[in-house]
Each structure stands twice: as structure tokens, then as C-alpha cells.
Amino acid sequence: MKRVTGIGGIFFHARDPAALQAWYKKHLGIDVQSWGGAAFDWVDDAGNPVKGTTAWSIGKAGGDQFAPSTSTFMVNYRVADLDALLQALRDEGCHVLEKADDSEYGKFGWVMDPEGNKVELWEPPATTS
């Protein structure tokens, strides 16, 4: 079973999100949007669009989005089969959080790494053509 297929997003907390967002916009050229982040569409070596986007977002410190972790960041990894991966992680003795979400944005599940960081696993929604 293929496990992680890419990075879906990088999320971190800041004491002053607006100031940090402005810094990244000014100094690194990240197109920070009103929702507090940016979406990086994937391209091939020639710059042609390919299917996929990586989200990048700065939120206010002190929220519970990353709980039970106390880290200031969380990485979202794209996966092909969330249910199978979560079961495999449980079978391997990993600390898989019981909560899971299934929405128009896809399926989400979480596991804690050995250092106490919350890791988000995301199965994008099926596409219809």
C-alpha cells in the first residue's frame, strides 16, 4: 500500500498572524490571501499546471486546531486511501486519533508522531470528469 503521496498543506501558529503574513508576503513573495494563507498550484518542470495544490496557512496561536499537540505547526500529507492507512497505523501501534472528518474537501484523519506532533492525513475527494 502506498502511504503518503505528497504534502497537502503546511499550517502554523503565530503570536501575530497578520504581521507574520505580511512579512512572508513582502519578503518571500507569498501571495497571502484574506483567509490567512496561500494555495500553491502544482506545475511540472516546464511550468505547466498539473493536478494538485498545497495549502500554506498562518493562524492565531492558542487555538486547538493542533490539539492534543502543543507544537506550533502541523503538516498535512496527501494519501491515497485514508481508511486503509489509519488501520495500518493502528495495527503498527501508532497513536491514531479517533476523530476523522469526511467533507466536500475530502477525508481527514490524524496520528501523533513519537515527538507529540499532530500529523494530518488527507485523502482528496474523488474527481469526476
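*Asks:* Please give an account of the packing of aromatic side chains that cites residues and values.
*Replies:* The final tally for this structure, using the stated rule, is five aromatic pairs. Each ring, one from F12 and one from W56, has its centre 5.7 Å from the other, and the planes form 75°; the classification is edge-to-face. With a gap of 44 residues between them, F12 in strand β1 (residues 4–14) and W56 in strand β3 (residues 49–60) connect regions that are remote in the sequence. Both residues of the pair, F12 and W56, count as buried.

*Asks:* Run through helix α2 (residues 82–91), naming residues and quoting values.
*Replies:* L82, L85, L86, A88 and L89 are the residues of α2 that are buried. Within α2, the buried residues cover an arc of 160° as seen down the axis, which keeps them to one side. Backbone geometry just after α2 places G93 at a positive phi near 85°.

*Asks:* Run through the sheet that holds β1, naming residues and quoting values.
*Replies:* Working definition: the strands of a sheet are paired by backbone hydrogen bonds and lie parallel or antiparallel to each other. Read across the open sheet, the seven strands follow the order β2-β3-β1-β4-β7-β6-β5; overall the sheet is mixed. Looking at which strands have only one partner, the edges of the open sheet turn out to be β2 (37–43) and β5 (95–103). Taken pair by pair, the neighbouring strands of this sheet meet at an average axis angle of 20°, ignoring direction. Pairing geometry for β1 and β3, over six bridges, is parallel. Within β3, the position partnered with H13 by the bridge is G59. The strands touched by helix α1 (residues 17–28) are β1 and β3; relative to β3, the strand with the most contacts, the crossing angle is about 140°.

*Asks:* Quick one: what's the story with the side chain of N76, residue by residue and with numbers?
*Replies:* Turning to its location among the elements, N76 is positioned in strand β4 (residues 73–79). Apart from residues lying up to four places away in sequence, N76 is in contact with G6, I7, G8, G9, F11, F108, E120 and W122.

*Asks:* Let's hear about the pattern of salt bridges: which residues, and what values?
*Replies:* Under the definition given, this model contains three salt bridges. Residues K107 and D83 are paired through a salt bridge, measuring 2.8 Å at the closest nitrogen-oxygen approach. Pair noted here: K107 is in strand β6 (residues 106–112) and D83 is in helix α2, with a separation of 24 residues, a long-range link.

*Asks:* Summarise the nonpolar core; cite the residues concerned and give the values.
*Replies:* Core analysis: the biggest nonpolar cluster contains nine residues, these being V79, L82, L85, L86, L89, V96, V111, V119 and L121. Listed by contribution, the elements that provide at least two residues to this core are α2 and β7 (118–123). A per-element tally of this core places α2 first, with four residues. If near-sequence neighbours (up to four positions away) are discounted, L89 is found in contact with R3, C94, V96, V111 and L121.

Definitions and cut-offs
- Residues numbered from 1 in each chain as written.
- Predicted model: local features only at pLDDT ≥ 70, side-chain atom pairs only at ≥ 80, totals over all residues.
- Heavy atoms only, no water.
- Phe/Tyr/Trp six-rings, centres within 6.5 Å; stacked < 30°, edge-to-face > 60°.
- Helix = DSSP H or I, 4+ residues; strand = E, 2+ residues; numbered from the N terminus.
- Buried < 20%, exposed > 50% of the residue type's maximum accessible area, 1.4 Å probe, protein only.
- Arc of directions from axis to C-beta.
- Pairing = 2+ DSSP bridges.
- Axes fitted to C-alpha atoms, helices over the stretch in contact; angles between N-to-C directions.
- Contact = heavy atoms within 4.5 Å.
- Salt bridge = Lys/Arg side-chain N within 4 Å of Asp/Glu carboxyl O.
- Core = buried A, V, L, I, M, F, W, Y, C linked by side-chain atoms within 4.5 Å.

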